[in-house]
Amino acid sequence: MVSRRVKGRSESGRILVGDCINELKKIATASVDLVFADPPYNLQLAGDLLRPNNTKVDGVDDAWDKFQDFAEYDSFCRAWLKECRRVLKPDGAIWVIGSYHNIFRLGVAIQDLGFWIQNDVIWRKVNPMPNFRGKRFTNAHETMIWAGRDRKSRVTFNYESLKASNDDLQMRSDWLFPICSGPERLKDDGGRKAHPTQKPEALLHRIMIASTKPGDTVLDPFFGTGTTGAVAKRLGRKFIGIERDTDYARAADERIAKVRPLDLDAIEAIPSKRSEPRIPFGQILELGILEPGQKLFGPRREVRAEVRADGTLACAGQQASIHRLGAMVQGKAACNGWTYWHFEAEGKLRPIDVLRGEAKRQLGLSGSSSASMGK
């Protein structure tokens, strides 16, 4: 049995060799932060796939991808999914990847078992394999399902980091990456692909940046040649890999041993605003950052409101919270008052959202002020 604990500053990992369901049962309940699962796709290949020149395509024809029928495949998937849900922490999440052969069956199982789907994400391949038979569209994508352990799970989502990395645009649910190739593709002693479905590290990098924190434990019940472990170690996450094929496990072990973890400073994500201490608008007044009677404005000075001592705003005979009044003056159903209302400082308008930084400083929740009042 291959078993390795990779030691480092803040990361460790182990590879368990054996049947995924049996090995999953040995893992402690509620001990895992994230599961990434790349299960057998049950491709149902009826024979060899040939190119137009009659050469054989090196496709997936391994025994681990063959099932007697859909019922056997469904039973297998529900068993490992059930165990994955058990080992997840209450706020844990799972990513499952598949193709049209299996992803819809997996989606039903995921929902039936009580997971709560956050998104489906499309991995659009830059360089997909052609459809040699010419009877279908080229299969140029795979689908991933991202789901929380249950409906109440407050799953990790590093929204601000993803947006910043995407040139300050919200990250979309269609991701463009090439399939694994070149030096990243592991080869066996004969120069052939070590694993037929090795996933690109870029894909796992984005998943972990999106939905884990440094030090989190990531479980991969179909570890293969260790892409999940390699990325986890580099990004300062812990990993548990389960793989039944000793050759794959050995290749993964050797691969991960060569990975150099990044420095802790390099892997810190932008803090999520949802995780920051809540600062209500009334506290801005209580701390004297704004004063009753002070004027606030819409983004283009098109609206002017007055701050009241009770933490509300008044405008044109209407009085309400910063959010409710912002919606009312715009004729909208909802409004984020923190970004709509502005105060004047040194002749310029600034959103009142920046005042929360000063409040955190005064309350000892932040290192420095982020707002200049210009008083």
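Residues numbered from 1 in each chain as written. Predicted model: local features only at pLDDT ≥ 70, side-chain atom pairs only at ≥ 80, totals over all residues. Heavy atoms only, no water.

You'll find the protein entered in an unreviewed UniProt entry as Methyltransferase, with Hyphomicrobium denitrificans given as the organism. According to UniProt, the comment filed for the protein under the heading Catalytic activity (unreviewed entry) is "a 2'-deoxyadenosine in DNA + S-adenosyl-L-methionine = an N(6)-methyl-2'-deoxyadenosine in DNA + S-adenosyl-L-homocysteine + H(+)". (UniProt positions renumbered as here; feature names shortened; annotations may be inferred.)

## Considerations on the overall build of the protein
For the protein, the helix and strand inventory stands at 12 helices and 14 strands. For the protein, contacts bridging at least 24 residues in sequence account for 66% of all contacts bridging at least 6. Total accessible area computed for the protein in this model is approximately 19800 Å², and 48% of it derives from carbon and sulfur atoms. (Helix = DSSP H or I, 4+ residues; strand = E, 2+ residues; numbered from the N terminus. Contact = heavy atoms within 4.5 Å. Areas by Shrake-Rupley, 256 points an atom, 1.4 Å probe, with all protein chains shown as cover.)

## Points about the side chain of D33
Looking at where D33 falls in the secondary structure, it is placed in strand 2 (residues 32-37). Within the structure, D33 has its side chain in polar contact with the side chain of K89 (distance 3.1 Å). Of note is the side chain of D33, whose polar atom sits 2.8 Å from the backbone nitrogen of T217. Ignoring anything within four residues of it in the chain, the contact list for D33 reads L88, K89, G92, A93, D216 and T217. (Polar contact = N/O pair within 3.5 Å; in protein donor to acceptor, adjacent residues only side chain to side chain.)

## Digging into helix 6 (residues 227-234)
Of all eight residues that make up helix 6, seven are buried, and the element is covered over most of its length. Taken residue by residue, helix 6 has T227, T228, G229, A230, V231, A232 and K233 as its buried positions. After helix 6 finishes, the residue G236 shows a positive phi value of roughly 75°. (Buried < 20%, exposed > 50% of the residue type's maximum accessible area, 1.4 Å probe, protein only.)

## Details of the packing of aromatic side chains
In total, this model carries nine aromatic pairs according to the counting rule given. Aromatic pair W95 and W175: ring centres 5.7 Å apart, planes at 40°, arrangement tilted. Pair noted here: W95 is in strand 3 (residues 88-98) and W175 is in strand 6 (residues 174-177), with a separation of 80 residues, a long-range link. Ring centres of W146 and F157 lie 5.4 Å apart, and the angle between their planes is 45°; on these two criteria the pair is classed as tilted. One end of the pair, W146, is in strand 5 (residues 141-148); the other, F157, is in the loop between strand 5 and helix 4 (159-165), with 11 residues separating them in the sequence. (Phe/Tyr/Trp six-rings, centres within 6.5 Å; stacked < 30°, edge-to-face > 60°.)

## Looking at the pattern of salt bridges
Evaluated as defined, the whole model comprises 18 salt bridges. K26 is paired through a salt bridge with E23; the nearest N and O atoms lie 3.2 Å apart. By relative accessible area, E23 is classed as buried at 8%. Measuring nitrogen to oxygen at the nearest pair gives 2.9 Å for the salt bridge that ties E201 to R255. Within this pair, whereas E201 is found in helix 5 (residues 201-211), its partner R255 is found in helix 7 (residues 246-257), the two being separated by 54 residues in sequence. Of the two residues, E201 and R255, neither departs from the other in class, the shared state being buried. (Salt bridge = Lys/Arg side-chain N within 4 Å of Asp/Glu carboxyl O.)

## Focus on the packing of helix 2 (residues 70-87) against helix 3 (residues 103-112)
Taken N-terminus to C-terminus, the directions of helix 2 and helix 3 make an angle of 45°; their axes are 10 Å apart at the nearest point. Relative to helix 3, the element helix 2 is oriented oblique. You can see that helix 2 and helix 3 cross each other, and the crossing is right-handed. The segment helix 2 lies against helix 3, with F70, Y73, D74, C77, R78, W80 and L81 engaging R105, L106, V108, A109, I110 and D112. (Axes fitted to C-alpha atoms, helices over the stretch in contact; angles between N-to-C directions. Parallel < 35°, antiparallel > 145°, perpendicular 65-115°, else oblique. Left-handed = near helix turned anticlockwise from the far one by under 90°.)

## Some remarks on the sheet that holds strand 3
Spatially, eight strands are ordered 1-8-7-2-3-5-4-6 in an open sheet, and the strand pairing comes out mixed. Each having just a single partner strand, strand 1 (13-17) and strand 6 make up the two edges of the open sheet. With strand direction ignored, the average angle separating the axes of adjacent strands in the sheet is 20°. Strand contacts of helix 2: strand 2, strand 3 and strand 7 (217-220), with the helix running at about 145° to strand 3, the strand carrying the most contacts. (Pairing = 2+ DSSP bridges.)

## Considerations on the pairing of strand 10 (residues 304-307)
Looking along a regular strand, one sees the side chains alternate between the two faces of the sheet. Of the two faces of strand 10, the one holding A305 and V307 is buried and the one holding R304 and E306 is not buried anywhere. Between strand 9 (residues 295-297) and the antiparallel strand that follows it, strand 10, lie six residues; R301 among them carries a positive phi value of about 60°. Bridging between strand 10 and strand 11 (residues 313-315) involves two bridges; their strand directions are antiparallel. Paired with E306 across the strands is A314, a residue of strand 11.

## Thoughts on the nonpolar core
Counting 31 residues, the largest nonpolar core has W95, M144, W175 and L203 as the members making the most contacts within it. Here the element with the most residues in this core is helix 5; it accounts for four residues. Counting 30 residues, the second largest nonpolar core, distinct from the first, contains I21, V35, A109 and I242. (Core = buried A, V, L, I, M, F, W, Y, C linked by side-chain atoms within 4.5 Å.)

## Regarding the side chain of S161
Of note, S161 is situated in helix 4. Contact partners of S161, with chain neighbours within four places excluded, come to A269 and I270.

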